[in-house]
Amino acid sequence: MAAELHPCSGKLIGLSNSNRTAQRNQPVQEFNHGLVLSREPLKDRDVFTVRIDKKVNSWSGSIEIGVTSLDPAGLDFPSSATGLKGGSWIVSGCSVLRDGRSVLEEYGRDLDQLSEGDRVGIQRSTHGELHLWVNGQDCGAAASGLPTGLWAVVDLYGKCTQVTVVSCEPPSLAERDTERETVEEREQEDEEEEVVVCGVREGEFGGLTSAVNLAATNGTLEEVPVLPPTHNRPDKFPNNLEPETGKKIKTSTPVSVAPLTECKSPSFSPSPIVLTEHQLFDVLNNAIVSLYRSEDNGGGDLGGGGIGRDSGTGSRGDRGSSSGGGSVNGNSSDSGGGTGNTGSVNSPAGGGGARLGAVTGGMLTNDALLFHEKCGTLIKLSNNNKTAERRRPLDEFNNGVVMTNRPLRHNEMFEIRIDKLVDKWSGSIEIGVTTHNPNNLDYPATMTNLRSGTIMMSGCGILTNGKGTRREYCEFSLDELQEGDHIGLMHKASGALHFYINGIDQGVAAAQTPAVVYAVVDLYGMAVKVTIVHNHNHSDRLRRNNAIMRALSPDVGRPRPAHSLTPDPDTPDRLLFHSNCGQKAAIISEGRTALRPHATDDFNHGVVLSGRPLHSNEVFQVRIDKMVDKWAGSIEIGVTTHNPAYLQLPSTMTNLRSGNTNQSGTWMMTGNGVMHNGTTILDEYGHNLDRLKAGDTVGVVRKEDGSLHFFVNGVAQGPAAWNVPPSVYAVVDLYGQAAQATIMDDVDLPPLPEDSSEGPTVMSPSSPCSVAGGNSANDLRFHQLHGTNAVITNGGRTALRQNCRSEFNDAIVISNRCLRDGELFEIVIQKMVDRWSGSIEAGKIMAGVTAIRPEELEFPNTMTDIDYDTWMLSGTAIMQDGNTMRNNYGCDLDTLTTGSRIGMMRSATGDLHYYINGVDQGVACTGLPPGKEVYAVIDLYGQCVQVSITSSSGPQDNSLCTSNITERSFPIHSPVAGVAHRLHSKHGKNVVLLGEGCQAVRVGGYAHGIVFSAKELKTDELFEVKIDEVDDQWSGSLHMGLTTLAPPELPSCPMSGLSPSLTQLRSKVTWLLAGSEVRRNGLLQRQNYGASLDRLTVGNRVGVKRCSDDTMHVLIDGEDMGPAATAVAKNVYAVLDLYGRVTAVSIVSSSVLEDAGSVKAPSLSSDSCSEGEEDRTPVEGDEPALVPNTVMAFLENHGKNIQLSHENLTAARVSSYNQGLLVTAQPLPRQQLFQFQIDRLNASWTSSLSLGVIGHSPDRLNFPSTACCLKRSVWLLQRDSVFHNSLKICENYGPNLDTCPEGTVLGLLVDGNSCLHLYVNGMDQGVAAQDIPTPCYPLIDLYGQCEQVTIVTNNVATVGGEGIKARCQGDMEKADMVDGIKESVCWMPHPEVNPNKTCEYQALCSRFKDLLTLPDGYFNEDAKYNLCYCESCHKLRGDESYYKRGEPPRDYALPFGWCRFALRIKPHCDVSNSFKQWHIAYHGTSVGALRRTLDHAQLLSGTSSIFSVSPVKTEGSNGYSEPEENSSNSLPDRDREVPRVQLSPTMRYSGLEMFAPKVQFRDPRSHCCHQAQVGFQVCVRPGSYKVGPQTLGAIEPLDPRFSNTEIEWITKDQGGTLLYGLLIRVE
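For every chain, the first residue of the written sequence is number 1, and numbering continues from 1 along that sequence. For a predicted model such as this one, the threshold for reporting local features is a pLDDT of at least 70, and the threshold for listing and counting side-chain atom pairs is 80 or more; totals across whole chains, interfaces and linings nevertheless cover every residue. With hydrogens and water stripped out, all remaining heavy atoms of the structure feed into the side-chain values.

1. Focus on the overall build of the protein
Point 1. Secondary structure elements follow DSSP: runs of H or I of four or more residues count as helices, runs of E of two or more count as strands, with numbering from the N terminus. Helices and strands together make up the secondary structure of the protein, namely 12 helices and 95 strands.
Point 2. Across the 1627 residues in the protein, those meeting the buried criterion constitute 54%.
Point 3. Residue pairs in contact within the protein that sit at least 24 positions apart in sequence constitute 70% of those at least 6 positions apart.
Point 4. With residues, only the protein chains shown are counted as cover, and all accessible areas are computed by Shrake-Rupley using a 1.4 Å probe. Element-wise, carbon and sulfur atoms account for 47% of the exposed surface of the protein, whose accessible area totals about 68500 Å². With a 1.4 Å probe rolled over the protein chains alone, any residue whose accessible area is under 20% of its type maximum counts as buried; one over 50% counts as exposed, and the rest are partly exposed. Contact between two residues is taken to exist if any of their heavy atoms lie within 4.5 Å; hydrogens are not considered.

Below, the structure is given as structure tokens:
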């Protein structure tokens, strides 16, 4: 047939090159609609081959290929090949799908990993089998029973964007021989024969027979030579093994193997080695695995010996090695590498010595990846340096670095298995590469301390030279891995570094790495022991091994009974246990019984598997014979795709997490749940196995349709999994209490219900039938009909989405009967995954009702695809028939978490209400047909995986049945509330404005359609338009964004000054969205931002806004697409371009009303509270209504070292330093401040408490040892940092909690914007985290020093409402005033600011200044000169710590931690001269001296300060001297002591308490007591002062910039200082 593509193809496909090349248009914007088919049907044995020409990295997934019986001439092309039905077989990734459903997993090469230039082919063999060919290699049969008349299918999906057909012809001769051999092997009879191998033709089996000789003679299966360079991998094997004479090999039992040598060597005639068939099987299997292992590690071409025809060193030039090897040759007089055609042997011995020398001359012993002998100080190596273990794991957490013994080769996999973890530390294993040679490296305590040549994966991020370069590299975190998990890395030839988790490629971690790198592992924290795994590609190796073994012997390589068994010849297919079992297990009774002999000593390592795969519909059942009561947990049963002959058995089967897809690996029933590859897929399934007793039976069966069922005591538990591949082995895990089990024969079980459904609508056999008119109040269930990926369990009460990490939709479930008026249908979210966060599928759940009967519903991908009789709530949008009819409904489904409840109810008047956690959210929509049947619908979409119907479902006794709830009770925020937006009168020349500036129409051409908003947009103000008209004769579409170009500045004539399109508008900074691309001044900033504007049509809405974090957000139909651009200027206008198809738009948004009367959440009192507002006397009706204060108490479920008292208001840690986690029993309401006091500290420990909130119900929370181990929906404040799910998201926030003394009151508050605030002694520290879910629960970790806390119950009901009326200053008590207050020290760390709000610290200092009653005339009226030097403010400004000022310049330090209030400068002072030429210094003083100093406008030499004046002797020859006692009475008048004023260039000296005493005051707003200090910032005239040493006797440096001998300045010149600012510090 012609190697061409059919002209009919997917809608985005373009054909060229005589229909031989196909290209997907818009490859960056679109990922599907790329289907092409062959021009003609395939002929048998023809391989239709295409070459991958181009790939992009924008998407996941890649090329898919297969065959279909559908004629392309009349085909309605689906979006992807997996959508083909009616007889289609598609290979996708490494899976095979038939009509869109998986039939085989882990097949062949992973197509997603192919690169540009790789070739992929598809073939139908003469026997009706489907074969995949990759780069000329046959991957074997993918499917069988294919009909004739099939067209080849290629899907340019995801990354693959262009292919070219290269051939369509039968395979080459060598490939044909391989195919014929496969057929002949299938036809050979099963018989045992004697094999005497005396030689083979040159170049066929030299390396293979060397491997056999080595294993046979040395008795080892590990150290074997590699294949010779002339055959780096056997592509085919002969039908018979013959010497050069052509004599056929005789076969019978027993098996004899002689060393395979060249027949040209007559001097070598060793004796045969006699092996049994099974010994030969194991020898060859392990030898070949080692050969391929060596080759994949780069050693396949390294071995060296004289078989090489043209190589002078015995190794290929492109992969040379310094290690030589010998050929199997009788000439053994020479040593070293062979040359020319004559190989040599490393051993000088003759005869048998030559044979062993030839074998041991291989490369593997010195070439295998092992751990280097030099390692971290606590590392112990074992297992021939393949295992590393950290000593004293409970005492030390670091010094566990190990490296490989040699550098990694290109494309060589380095993989380790985690053998042991401890639960004491935080953090875990880290892995990466380094350029440092282990011989020369001084090993650090941890590799992240190494500042050069090192790339490490730590947690889920990447660290380069100890610094984070990628925060979230992959979805897996190394800290969450368990024992038995595998971690690998590969250094690609391109220089890219990839990491692998349980065999799954996590993508490029670093694009360019050095050519020579060593692998490095850091056994840090929890990680204690690891082992290098060499057979990392197990499934691929297994297929190759079986093919080779079948070529050698028809019997070898097939499932066989255990060695110790003598099966009954009458029952050759009897199910028995395989002899390869767990370390602590044993097989007895001729393979029928498995047991743990020492069950009271060990609880795991009891895994046993069946000796052969299960047949379809064959029941495997075991009886529990013996149990022990020492352990928790019990027997587990299931199936696995792993062959027990090659499986490295884990400690428990739930630790085995292999397979690249969700339909491979292991399925186990454990307890009453079902797990797949270690991940729970069913939470509540069947009888709990942990409750079984001795004598009970458990069983498993795989049906023909691929469904998996379990039995308990003969009772079917229902379907547990689907798409389980054939040829699975039964697994029993004798875990915990289960000590012995026996296989039951002649199982007679009741028949399973049949699954007769087809297509996308799937029926769950265990679901109840539809009851349209049931009378029971609690008969609400999920219907037996549901979406393809949905599963109904638990008697119809529970619905879940299978394959939740690979599928995000097709999981719609519907109620089994229609809802009655006033009847509540409520579900609870039981399980969620974070797989789909941050992606286009990041929704969580959709809920609603439909008038379509389940039997008539063709279940779509999502319910929003249905265009009639359906009402859904998605996020905050109410949708009818797939169209959004309302946004910003009272609740947001996307914010719900595990444990949240969602309910829906139709009232008698046709109103639809939603309930969140039992609270009515108001009328969602009206007009549902009264009296018409409606069914509840749940769409398990995105993150939501499992839900269950609650007991609250049923008729409700409330007023909703008559629906008297009004719109006033539940206001709908209309998008046009307030003053409607307008368009500016200046616009593009082709635009006409209508409707008073509310509508814009392009009247000609396709460009010159730019329009602006009439006014600047305020922060978070949405500007939104609706598309009214489109003209399909043009391409392109609407552009929208923000610009700093002010329309009033444009010329009056619209013909000039504006660019024809928005992408060309560059006179001022403009951010815009064009299609799905974000541009800044026309330059591309981001691709694939969100839904493309090019797809919009009439009725769609587009909006833009600038958020408070200076980001631009675009909204499409009310859905926020997320931040499109950052660092957007404040004064911006909305701008849009009526370009291309879009010709008319109208405004649908409105400006924000300052005095809107809508219901607003109370704001924080610190946000915008002026002095007038502080002292204003509230009038009746002016205060916001107080929200009732929820009484908070600690939950009874807590850490094991916690003891509660005083009605659960006080919590104390009674032992150790950890296990002190606390959570409140009640969720924290919005705007309510939760406070607690630190009662007791223990200085014996380091560190202290941490606190935060948790976003899910803590009732069943399993508390870890510390809060930092919580990694799901947790926000934690620890020290001075903020953590989210154990990842640090903010540093230098608030005070260091480790320094809080006893008596400190800490508080948490979640404001109306879902932002978390920390309060310290009543002071708000600003926003710590955003997007806090509802509900959330306060969390406290009594760690280290903190041993006891008590909840403060007299807090204000609502922050923002004045719980206690503010008192005016004149009404304060005497103790509230500054005069006469005692001086004492009180702890209070420096508060931080929230950059988006007014600085709370500056406001507090200002309130203290007001208490001083200083006249306003002393201070500068311009507030911009008042500066706060708290840590957040000075970091926000980017202040340096030190500056220079004056002539000559002199250093001074900024007063960090203080707040400066600028003073008014006297008019007669030369201000500019003083500022430029004078120096800056500081003067600490007391509160009592402030007024006197300000009255004189200079520092006084009287009693102005307790330290500023001190008597000294007159200046002598040595300058100023120290004062002498009573010297003032002994001097004459002309030598009377001269007062001096002390200054300093740093407040670290002048601000000491000796110079600036602390005073106590009560904050008039919070009514909390604080400590305050005061001082002055002054300008000092150069030359008017002397520099001298400090007079405090301090030994340590007081300031790192200034020496203690030069830190004090002394002046006598009264006119030499100028007061510039008043400094205040509050603690």
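2. Some points on helix α8 (residues 1400-1411)
Point 1. Taking 1.5 Å of rise per residue, the 12 residues of α8 would be expected to cover 16 Å, and the 17 Å separating its terminal C-alpha atoms lies within 8% of that figure.
Point 2. Across the 12 residues that make up α8, a large majority, 9, are buried.
Point 3. Downstream of α8 by a residue or two, Thr-1413 has a phi angle that is positive, lying close to 55°. What a helix should span is 1.5 Å times the count of its residues minus one.

3. Some points on the sheet that holds strand β78 (residues 1281-1284)
Point 1. Any two strands with at least two DSSP bridges between them are considered paired. Ordered by their spatial adjacency, 6 strands build an open sheet running β74-β83-β76-β77-β78-β79, and the pairing between neighbours is antiparallel. Strand pairing shows two members of the sheet lacking a second neighbour, β74 (1221-1223) and β79 (1287-1290), which therefore form its edges. Direction aside, the axes of adjacent strands within the sheet are offset by 25° on average.
Point 2. Note: β74 against strand β83 (residues 1337-1341), 3 bridges, orientation antiparallel. With axes taken as lines fitted to C-alpha atoms, and helix axes fitted only over the stretch in contact, angles between N-to-C directions fall between 0 and 180 degrees.

4. Some words on the sheet that holds strand β51 (residues 877-880)
Strand pairing in a sheet takes place through backbone hydrogen bonds and is either antiparallel or parallel in direction.
Point 1. Read from one edge of the open sheet, 6 strands run β47-β56-β49-β50-β51-β52, paired in antiparallel fashion. The strands lining the two open edges of the sheet, one partner per strand, are β47 (812-814) and β52 (883-886). Averaged over all pairs of adjacent strands, the angle between strand axes in this sheet comes to 25°, irrespective of strand direction.
Point 2. As judged from the 3 bridges shared by β47 and strand β56 (residues 935-939), these two strands associate in the antiparallel manner. Paired with Val-813 across the bridge in β56 is Ile-938.

5. Details of the packing of aromatic side chains
Point 1. Aromatic contacts are taken between Phe, Tyr and Trp rings whose centres are within 6.5 Å, Trp giving its six-membered ring; a plane angle under 30 degrees counts as stacked, one over 60 as edge-to-face, and the others as tilted. In this structure the tally under the stated criterion is 21 aromatic pairs.
Point 2. With 6.1 Å between their ring centres and 75° between their planes, Tyr-685 and Phe-710 make a pair best called edge-to-face. Of this pair, Tyr-685 sits in the loop between β37 (679-682) and β38 (697-702) while Phe-710 sits in strand β39 (residues 708-712), and the two are 25 residues apart along the sequence.
Point 3. Centre to centre, the rings of Tyr-1217 and Trp-1245 are 5.3 Å apart; their planes meet at 45°, and the pair counts as tilted. Highlighted residues: Tyr-1217 in the loop between β73 (1210-1213) and β74 and Trp-1245 in the loop between β75 (1234-1241) and β76 (1250-1254), separated in sequence by 28 residues.
Point 4. A connected cluster of aromatic rings, assembled from ring pairs, spans Phe-31, Trp-59 and Tyr-157.
Point 5. The cationic tip of Lys-1409 hangs over the ring face of Phe-1461; the distance from NZ or CZ to the ring centre is 5.4 Å. Either the NZ atom of lysine or the CZ atom of arginine qualifies as a charge over a ring when it sits within 6 Å of the ring centre and within 35 degrees of the ring normal.

6. Considerations on the pairing of strand β9 (residues 119-124)
Point 1. With 5 of 6 residues buried, β9 is to be regarded as a mostly interior element.
Point 2. Sheet topology places strand β4 (residues 47-55) next to β9; 5 bridges connect them, and they run antiparallel. Among the inter-strand pairings, Phe-48 is bridged to a residue of β9, identified as Ile-122.
Point 3. Examined bridge by bridge, β9 and strand β10 (residues 130-134) share 5 bridges and lie antiparallel to one another. What sits directly across from Val-120, in β10, is Val-134.
Point 4. Between β9 and the antiparallel strand that follows it, β10, lie 5 residues; Gly-128 among them carries a positive phi value of about 80°.

7. A closer look at the side chain of Thr-454
Point 1. Within the secondary structure layout, Thr-454 lies in strand β22 (residues 454-458).
Point 2. Judged by relative accessible area, Thr-454 falls into the buried class, the value being 2%.
Point 3. For Thr-454, the side chain forms a polar contact with the side chain of Thr-434, separated by 3.1 Å.
Point 4. The residues contacting Thr-454, other than those within four sequence positions of it, are Val-433, Thr-434, His-436, Met-447, Leu-463, Thr-464 and Asn-465. Pairs of N or O atoms are called polar contacts if they sit within 3.5 Å, as long as, within protein, a hydrogen donor faces a hydrogen acceptor (for residues adjacent in sequence, only side-chain-to-side-chain pairs).

8. Remarks on the pattern of salt bridges
Point 1. Think of a salt bridge as a Lys or Arg side-chain nitrogen and an Asp or Glu carboxyl oxygen that are within 4 Å of each other. A full pass over the atoms with the stated rule returns 34 salt bridges.
Point 2. The closest approach of N and O atoms between Arg-1141 and Asp-1032, which form a salt bridge, is 3.3 Å. Note that Arg-1141 is positioned in the loop between β70 (1133-1137) and β71 (1142-1147) and Asp-1032 in the loop between β62 (1023-1030) and β63 (1039-1043), a separation of 109 residues in sequence.

9. What to know about the environment of Phe-1561
Point 1. Residue placement: Phe-1561 occurs in strand β91 (residues 1559-1562).
Point 2. The spacing of Phe-1561 and Leu-1411 is 150 residues in sequence and 8.8 Å in space, taken between C-alpha atoms.

10. Let's talk about the confidence of the model for the protein
Point 1. Across the protein, the average pLDDT comes to 76, with 72% of residues at or above 70.
Point 2. A low-confidence stretch, residues 753-777 (pLDDT under 50), is modelled with 62 contacts involving residues beyond four sequence positions or located in other chains.
Point 3. Here residues 957-978 is modelled with pLDDT under 50, and outside its nearest four sequence neighbours on either side it reaches 42 contacts, counting other chains as well. Per-residue confidence from the predictor is reported as pLDDT, a score between 0 and 100.

11. Describing the pairing of β4
Point 1. With 7 of 9 residues buried, β4 lies mostly within the body of the structure.
Point 2. Here 8 bridges tie β4 to strand β13 (residues 160-169), and the two strands are oriented antiparallel to one another. When the bridges of β13 are listed, Val-47 appears paired with Glu-169.

12. Re the environment of Ile-416
Point 1. Within the secondary structure layout, Ile-416 lies in strand β20 (residues 413-421).
Point 2. The class for Ile-416 is buried, based on a relative accessible area of 0%.

13. A closer look at unusual backbone geometry
Point 1. Cis geometry marks the peptide bond from Thr-1334 to Pro-1335; its omega dihedral reads 0°.
Point 2. Within the secondary structure, Pro-1335 sits in the loop between β82 (1323-1329) and β83.
Point 3. The peptide bond linking Glu-1447 to Pro-1448 adopts the cis configuration, its omega dihedral lying at -5°.
Point 4. Of note, Pro-1448 is situated in the loop between β86 (1442-1445) and β87 (1450-1453).
Point 5. Even without glycine at this site, Asn-385 takes up a positive phi of about 65°.
Point 6. Turning to its location among the elements, Asn-385 is positioned in the loop between β17 (379-382) and β18 (387-390).
Point 7. Of note, Ala-1127 is a non-glycine position whose phi angle comes to about 55°, a positive value.

14. A word on the side chain of Gln-1219
Point 1. For Gln-1219, the position within the fold is in the loop between β73 and β74.
Point 2. Excluding anything up to four places from it in sequence, Gln-1219 contacts Gly-1199, Lys-1200, Asn-1201, Ile-1202, Phe-1263, Pro-1264 and Ser-1265.

15. Some details on the environment of Ser-92
Point 1. Mapped onto the secondary structure, Ser-92 falls in strand β6 (residues 88-92).
Point 2. Sequence-wise, Ser-92 and Glu-64 are 28 residues apart; in three dimensions their C-alpha atoms are separated by 4.9 Å.
Point 3. Leaving out residues up to four positions away in the same chain, Ser-92 has contacts with Glu-64 and Leu-97.
Point 4. A polar side-chain atom of Ser-92 sits 2.8 Å from a polar atom in the side chain of Glu-64.

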